[in-house]
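Observations on the three-dimensional arrangement
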Amino acid sequence: MAYIIGVRFKDVGKIYYFDPDGHNLKKGDHIIVETSRGVECGEVAMSNRNIADEDISYPLKKLIREATDEDLQKVADNKEKEKKAFDICVEKIKLHKLKMKLVDVEYTFDNSKILFYFTADGRVDFRELVKDLAYVFRTRIELRQIGVRDEAKMLGGLGICGRPFCCNSFLGEFQPVSIKMAKEQGMSLNPVKISGTCGRLMCCLKYEQEAYSDLLKTTPKTGAIVQTPDGKGTVTDMNLITGRLTVSLHKSPDAAARNYKVSDVTVIKDVQIKVDKSEMEKLKKLEK
């Protein structure tokens with residue numbers, strides 16, 4: 001077992017583990033720690049606790065100190081600097097006529113580095129831009145190209161559900177989502193209906209996938225051959241939530257299909273839910 005604290009460096013960011021070094025900290029406390037980027041000020045997201053060794057990566061870096069009022073003021077000052085740096089960088093991008101969109105700027109706590117996050121359709125030669133920025137700010141400059149999901153997480157906004165983006169509200173890390181999830185949940189494979197504002201598959205497809213996966217184990221799929229109280233038939237539609245099936249009976253194929261409960265039928269031959277290759281090609285970019 002390891003005794004740790006969990007620390008975030010962004011409001012809704014990934015949680016990193018550190019050694020509290022004898023300090024008893026509670027959620028919301030601000031601390032100073034050393035990271036791969038240098039010295040940073042973070043917020044405690046998980047108070048002191050023991051966790052299994054296999055859940056962490058050794059060696060754990062130790063807490064340097066609890067943040068002072070001066071440290072917190074420095075963080076606030078850095079936020080103001082970031083706004084000015086953003087405007088300067090935008091002007092430099094225009095000057096160099098680069099096809100890139102600046103998304104965010106971040107100063108490290110000790111001002112040893114400034115990170116500029118941007119999006120672009122392809123690779124961008126920003127070497128001259130880096131030189132210009134280094135001349136202006138007299139510190140180490142790092143430009144990072146990010147994807148549209150990261151852009152949405154940084155900027156925030158409202159989703160098609162009318163609520164703030166999940167990634168910007170509470171999701172510390174992105175969860176893998178796939179076209180198959182949408183198919184298994186009975187959603188229309190219309191890009192407008194299954195993609196978020198970022199243009200990629202909605203993160204919320206992941207939330208109920210476990211429940212749908214469990215229901216699919218006991219529910220005949222569309223196309224399955226089943227035995228009903230009225231004879232054999234083919235499932236033409238299914239509702240996983242209500243547990244009801246629409247079945248076309250073999251003995252009267254021209255008659256209207258009938259509805260049955262899942263518990264009232266026996267599976268003779270089930271099928272697998274698959275995404276058509278042509279559909280996958282059209283929707284492939286939504287998974288990126």
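Residues numbered from 1 in each chain as written. Predicted model: local features only at pLDDT ≥ 70, side-chain atom pairs only at ≥ 80, totals over all residues. Heavy atoms only, no water.

Now for helix 2 (residues 127-137). Within helix 2, burial applies to Leu129, Leu133 and Phe137. Along the long axis of helix 2, the arc covered by the buried residues comes to 50°, so they all point the same way. Those residues of helix 2 that are exposed and aimed more than 90 degrees away from the buried face are Arg127, Lys131 and Tyr135. Residues of helix 2 that are buried in the fold lie against helix 1 (69-96), strand 6 (101-107), strand 7 (113-119) and strand 8 (140-145). Backbone geometry just downstream of helix 2 places arginine 138 in the positive-phi region, at approximately 55°. (Buried < 20%, exposed > 50% of the residue type's maximum accessible area, 1.4 Å probe, protein only. Helix = DSSP H or I, 4+ residues; strand = E, 2+ residues; numbered from the N terminus. Arc of directions from axis to C-beta. Contact = heavy atoms within 4.5 Å.)

A word on the side chain of glutamate 40. Within the secondary structure layout, glutamate 40 lies in strand 4 (residues 38-51). A polar atom in the side chain of glutamate 40 sits 3.3 Å from the backbone nitrogen of phenylalanine 109. (Polar contact = N/O pair within 3.5 Å; in protein donor to acceptor, adjacent residues only side chain to side chain.)

Summed over the entire model, instances satisfying the criterion amount to 16 salt bridges. For lysine 62, the salt bridge is made with aspartate 21, and the minimal N-O distance between the two is 4.0 Å. One end of the pair, lysine 62, is in the loop between strand 4 and strand 5 (63-66); the other, aspartate 21, is in the loop between strand 2 (16-18) and strand 3 (30-35), and 41 residues separate them in sequence. For lysine 62, a relative accessible area of 47% corresponds to the partly exposed category. Under the relative-accessibility criterion, aspartate 21 is labelled partly exposed at 38%. A salt bridge links glutamate 142 to arginine 144, with the shortest nitrogen-to-oxygen separation between them at 2.6 Å. A relative accessible area of 30% places arginine 144 in the partly exposed class. Overlapping salt bridges, with partners in common, bring together Lys10, Arg37, Glu40 and Glu106 in one network. (Salt bridge = Lys/Arg side-chain N within 4 Å of Asp/Glu carboxyl O.)

Let's shift gears to the sheet that holds strand 11 (residues 244-249). Two strands in a sheet stick together by hydrogen bonds in their backbones, pointing the same way (parallel) or opposite ways (antiparallel). Read across the sheet, 5 strands follow the order 12-11-10-9-13 without closing on themselves; strand pairing throughout is antiparallel. In this open sheet, the two strands that pair with only one neighbour each are strand 12 (258-261) and strand 13 (266-269). Ignoring strand direction, the axes of neighbouring strands in this sheet form an average angle of 45°. Bridge analysis of strand 10 (residues 231-239) against strand 11 gives 6 bridges, and the strand direction is antiparallel. For methionine 238, the partnering residue across the bridge sits in strand 11 and is leucine 245. (Pairing = 2+ DSSP bridges. Axes fitted to C-alpha atoms, helices over the stretch in contact; angles between N-to-C directions.)

Attention shifts here to a nonpolar patch on the surface. Where nonpolar side chains cluster on the molecular surface, the patch consists of Ile88, Tyr135 and Val136 and spans about 280 Å² of accessible area. Turning to its location among the elements, tyrosine 135 is positioned in helix 2. (Patch = residues over 30% accessible without salt bridge, like charges linked within 9 Å, V, L, I, M, F, W, Y side chains within 5 Å. Areas by Shrake-Rupley, 256 points an atom, 1.4 Å probe, with all protein chains shown as cover.)

Moving on, we get to helix 1. With 28 residues, helix 1 should cover 40 Å at 1.5 Å per step; its first-to-last C-alpha distance of 40 Å lies within 8% of that length. Elements in contact with the buried residues of helix 1: strand 3, strand 5, strand 6, strand 7 and helix 2. (Expected span 1.5 Å × (residues − 1).)

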